[in-house]
Amino acid sequence: NIILEKQKTQGYNFWTEADEKGNFCIKNVRPGDYNLYGFVPGIVGSLRHPQLITVKPGNEINLGQVMFKPPRNGPTVWELGIPNRSAKEFFIPDPDPKALNKFWLDKPDQKFRQWGLWDRYPVYWPKEDVVFEVGRSNYSKDWCFAHFYRSDGKVWNPTTWQIIFDLPEVCTTGSYTIHIALAAAELTNTLVYVNNVNARREHYDTGTWGDDNAIARHGDHGFYRFFSGSLPSNLFVKGKNTIYLKQARSQTYMFAGVMYDYIRLEAPPPSSPAQPKEL
């Protein structure tokens, strides 16, 4: 998928799909300055062309070869979800029977459109938040489609989700990398901790993002965002490890939260093999 997005305006996005060989052509583009983006369904990350594309009346632009290199720092330790820019492959709570919209009942792939799903999160996770065990849990049943907050009747408090996994050995040749692709975000930022959620400060912070309001409008995605964080190897231990994903602060807004698209942990890159000495 290729996107031309006009600078300094709302709208004027031109889309196309590349063919099997990667060739593409976008016709009838309005004059102006554009950024060029591209992504591949099923592949995490996206391309942004390094140069501004200036379209003038009557001209044709040949960009030559445009390369997209998916993010990769090392071998995969585990991955969660499908990199499809949507959260609908995850668990979606059943709606409150009093708020049920029967129109969506025969459309199971549209279940996220039911009203008030943010209030259903504590019904399914009444005391503890989401805990996902790699190799045992099923993300379509055990990972909620949106990382909601939890109301105490006055404010909406942060929740902390866990991803538990085993490491047969800890690789100390470099840092681990966590990739977090968000399908949507609203007035929140995600703090990442490794094995100690009470550490003095987070081990990675995505920063504060979000104004797409996908939770309020009953969507499965909003504006795509992608983050990569470096995690020192000394944070990990041989055997059981836990990564914590915590929302940063309390809210007075019930629709705050994120929808994860895809999460992947990578081990440090393999060390380069020794080069033969010249004789």
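The name that an unreviewed UniProt entry assigns to the protein is Rhamnogalacturonan endolyase, with the source organism given as Linum tenue.

Caption draft 1: Spatial organisation of the overall build of the protein. Tallying secondary structure elements over the protein gives two helices and 17 strands in all. By its C-alpha atoms, the protein is 70 × 60 × 35 Å across when sized along the principal axes. Relative to its 279 residues, the protein shows a buried fraction of 43%. Expressed as a percentage of contacts within the protein between residues at least 6 apart in sequence, the contacts between residues at least 24 apart total 72%.

Caption draft 2: The environment of Phe-236, seen in detail. On the secondary structure map, Phe-236 appears in the loop between strand S15 (225-231) and strand S16 (239-247). What makes Phe-236 buried here is its relative accessible area of 5%. Each C-alpha atom, one on Phe-236 and one on Tyr-176, is 9.1 Å from the other, the two residues being 60 residues apart in sequence.

Caption draft 3: Geometry of the pattern of salt bridges. Counted by the stated rule, this structure contains ten salt bridges. Note that Lys-107 is salt-bridged to Asp-106, the shortest N-O span being 3.3 Å. With a closest N to O distance of 3.3 Å, Lys-238 and Glu-169 form a salt bridge. In this pair, Lys-238 sits in the loop between S15 and S16 while Glu-169 sits in the loop between strand S10 (160-167) and strand S11 (176-188), placing the two residues 69 residues apart along the sequence. The exposure class of Glu-169 is exposed, given its relative accessible area of 52%. One network of salt bridges, with partners in common, ties together Arg-72, Arg-264 and Glu-266.

Caption draft 4: Fine view of the sheet that holds S16. Strand order in the open sheet formed by five strands is S7-S10-S16-S12-S13, with mixed pairing between adjacent strands. Edge positions in the sheet fall to strand S7 (131-133) and strand S13 (204-205), since each of these pairs with one other strand and no more. Judged from the three bridges that link them, S7 and S10 form a sheet pairing that is parallel. Across the sheet, Phe-132 pairs through a bridge with Ile-163, a residue of S10.

Caption draft 5: Representation of the pairing of strand S3 (residues 32-38) in the model. With five of its seven residues buried, S3 lies for the most part within the structure. With three bridges joining them, S3 and strand S5 (residues 53-55) adopt antiparallel strand pairing. Bridge pairing in S5 places Tyr-34 opposite Ile-53. The pairing of S3 with strand S4 (residues 47-48) spans two bridges and is classified as antiparallel. Note on S4: the bridge partner recorded for Tyr-37 is Arg-48.

Caption draft 6: Layout of the packing of aromatic side chains. As enumerated under the stated definition, the model contains 20 aromatic pairs in all. Between Trp-115 and Trp-118, the aromatic rings sit 5.0 Å apart at their centres with planes inclined by 80 degrees, giving edge-to-face as the arrangement. For Trp-115, a relative accessible area of 47% translates into the label partly exposed. Note on Trp-118: relative accessible area 3%, which makes it buried. Judged by centre distance (6.3 Å) and plane angle (25 degrees), the ring pair of Tyr-121 and Trp-161 falls under stacked. Residue Tyr-121 is located in helix H1 (residues 121-124), and its partner Trp-161 is located in strand S10; the two are separated by 40 residues in the primary sequence.

Caption draft 7: Local environment of unusual backbone geometry. Of note in the backbone geometry, Asn-28 takes a positive phi value of approximately 55 degrees without being a glycine. A positive phi is found at Leu-187, a non-glycine position, where the angle reads about 50 degrees. For Leu-187, a relative accessible area of 40% puts it in the partly exposed group.

Conventions and cut-offs
- Residues numbered from 1 in each chain as written.
- Predicted model: local features only at pLDDT ≥ 70, side-chain atom pairs only at ≥ 80, totals over all residues.
- Heavy atoms only, no water.
- Helix = DSSP H or I, 4+ residues; strand = E, 2+ residues; numbered from the N terminus.
- Buried < 20%, exposed > 50% of the residue type's maximum accessible area, 1.4 Å probe, protein only.
- Contact = heavy atoms within 4.5 Å.
- Salt bridge = Lys/Arg side-chain N within 4 Å of Asp/Glu carboxyl O.
- Pairing = 2+ DSSP bridges.
- Phe/Tyr/Trp six-rings, centres within 6.5 Å; stacked < 30°, edge-to-face > 60°.

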